[in-house]
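Structural overview
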Amino acid sequence: MKTSIQALVASAVVAIAGGAIAAPQSIGFTEVPLDSFSSSNMIIDGYRFSPTCHIDKAENWPGSTDGIAIGWDVDACDLHHNENYLGIKSWSGFAVGALYVDRAGKPFDLMSFTAIGFDYITGPGLISSKGGSALFSMTSGERREFSFTGDEWTGIEWLVLLNGGGAPNWWLDSVTLNSVPEPTSLALTAVAAAAAVGRRRHQRRQN
């Protein structure tokens, strides 16, 4: 019986690690306060969003799926900056706005995000904790979904999205992230799954 349980635990771990638990989350920004200078960290669906300066929220934004989009820049950053920014602390050293995203130290995958081009375009840029780097060109008013694959975008600890200086070059409609199960959670779930199977087998034998 012990060998059988061990085999069940191993198979359960393999199944879970293969993606049986984690599911991608598409995150919108309806929870963000309607404020042109919202300069604080926010937690949305377990993820932390931290601007260097401030986040601007737009309602009824053209091209947005739900009418809500957010932008960030360094305009008036001397007056409206985030003192609790979670990334590099020297916010004044940025020529562009930055939005830091993480799960408080827990790994996650960047799957995709949807951007809407604005006034002038230099392209949304982003970097990840595993060396991922990307820069895209967009036209004003264009709505595009950018997808990501590869080691530099999976199991990352943080993500930084870059934006305009005096005004947002682009607006973020939504972002799709995938939380990576931690090894402890995997093991506990595997043991629970194996125990449930073991109980069912024991009950069938008794019947």
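Structural notes, computed from the coordinates. Everything numeric here is computed off the predicted structure, so don't read it as measured data.

Thoughts on the overall build of the chain
- For the chain, the helix and strand inventory stands at two helices and 12 strands.
- Put simply, the chain runs from its N terminus to its C terminus through helices and strands in the order α-β-β-β-β-β-β-β-β-β-β-β-β-α.
- Among the 207 residues that make up the chain, the fraction classed as buried is 42%.
- Of the contacts made within the chain by residues no fewer than 6 positions apart, 70% connect residues no fewer than 24 positions apart.

Topic: the pairing of strand E3 (residues 47-51)
- Of all five residues in E3, four are buried, a share of seventy percent or more.
- By the bridge criterion, three bridges tie strand E2 (residues 42-44) to E3 in an arrangement that is antiparallel. Directly across from Ile44, in E3, lies its bridge partner Tyr47.
- Between E2 and E3, which pair antiparallel one after the other, the connecting turn spans two residues, and Asp45 there sits at a positive phi close to 55°.
- Here four bridges tie E3 to strand E6 (residues 98-102), and the two strands are oriented antiparallel to one another. Across the sheet, the residue bridging to Pro51 is Leu99, located in E6.

Notes on the packing of aromatic side chains
- A complete count under the given rule lists 14 aromatic pairs for this structure.
- Grouped by ring-pair contacts, the aromatic residues Trp72, Phe113, Phe136, Phe146, Phe148, Trp153 and Trp170 constitute a single cluster.
- Residue placement shows Arg103 over the ring face of Tyr47; its charged tip is 6.0 Å from the ring centre.

Looking at the pairing of E6
- Counting buried residues along E6, five of its five residues qualify, which places the element largely inside the surrounding structure.
- Strand direction decides the pairing type here: E6 and strand E11 (residues 158-162), joined by five bridges, are antiparallel. Bridge assignment links Val101 to a residue of E11, and that residue is Leu159.

Topic: the pattern of salt bridges
- The full count for this structure, using the stated rule, is three salt bridges.
- Taking the shortest distance from any N to any O, the salt bridge between Asp173 and Arg143 comes out at 3.2 Å. Of this pair, Asp173 sits in strand E12 (residues 170-179) while Arg143 sits in strand E10 (residues 143-147); the two residues are 30 residues apart in sequence, bridging distant segments of the chain.
- Taking the relative accessible area as the measure of exposure, Asp173 reaches 2% and is therefore buried.

Observations concerning the sheet that holds E2
- The antiparallel open sheet is built from six strands, whose spatial order is E2-E3-E6-E11-E8-E9. Of all the strands in the sheet, the pair left with one neighbour each is E2 and strand E9 (133-135). Pairs of neighbouring strands in the sheet enclose a mean axial angle of 20°, with direction left out of account.
- Sheet topology places strand E8 (residues 125-128) next to E11; four bridges connect them, and they run antiparallel.

Considering the nonpolar core
- The biggest cluster of nonpolar side chains holds 31 residues, and the ones touching the most others in it are Phe29, Phe113 and Leu126.
- At the level of elements, E2, E3, strand E5 (68-73), E6, strand E7 (108-117), E11 and E12 are the ones that each hand at least two residues to this core.
- Those residues in contact with Phe29, other than ones at most four positions away along the chain, are Ile44, Phe49, Lys57, Ile68, Ile70, Leu172, Asp173, Ser174 and Val175.
- By size, the runner-up hydrophobic cluster in this structure holds five residues, among which are Ala58, Ala69, Ile116 and Trp171.

Considering unusual backbone geometry
- Its identity is not glycine, yet Asp45 carries a phi of approximately 55°, on the positive side.
- Mapped onto the secondary structure, Asp45 falls in the loop between E2 and E3.
- With phi around 60°, Ala76 is a residue other than glycine that occupies positive phi space.
- Examined against the element boundaries, Ala76 turns out to sit in the loop between E5 and E6.
- Note on Ala76: relative accessible area 24%, which makes it partly exposed.

Conventions we followed
- Each residue is numbered by its place in its chain's sequence as written, counting from 1.
- Given that this is a predicted model, residues contribute local features only at a pLDDT of at least 70 and side-chain atom pairs are listed and counted only at 80 or more, while totals for whole chains, interfaces and linings are drawn from all residues.
- To get the side-chain values, take all heavy atoms of the structure and skip hydrogens and water.
- For the purposes of this entry, the term helix denotes a DSSP run of H or I that reaches at least four residues, the term strand denotes a run of E that reaches at least two, and both are numbered from the N terminus.
- When a residue's accessible area, from a 1.4 Å probe over protein chains only, is under 20% of the maximum for its type it is buried; when over 50% it is exposed; and in between it is partly exposed.
- When checking whether two residues touch, look at their non-hydrogen atoms; a contact exists if any pair is within 4.5 Å.
- DSSP calls a pair of strands paired once it identifies at least 2 bridges connecting them.
- Ring pairs shown here join Phe, Tyr and Trp side chains whose ring centres sit within 6.5 Å, with only the six-membered ring taken for Trp; geometry is labelled stacked below 30 degrees between planes, edge-to-face above 60, and tilted in between.
- Sitting over a ring, as applied to charges here, requires NZ of Lys or CZ of Arg to be within 6 Å of the ring centre and within 35 degrees of the ring normal.
- Salt bridge criterion: a side-chain nitrogen from Lys or Arg within 4 Å of a carboxyl oxygen from Asp or Glu.
- Note on geometry: axes are C-alpha line fits, over the in-contact stretch for helices, and angles between N-to-C directions span 0 to 180 degrees.
- Only buried residues count toward a nonpolar core, which is a set of Ala, Val, Leu, Ile, Met, Phe, Trp, Tyr and Cys residues joined through side-chain atoms within 4.5 Å.

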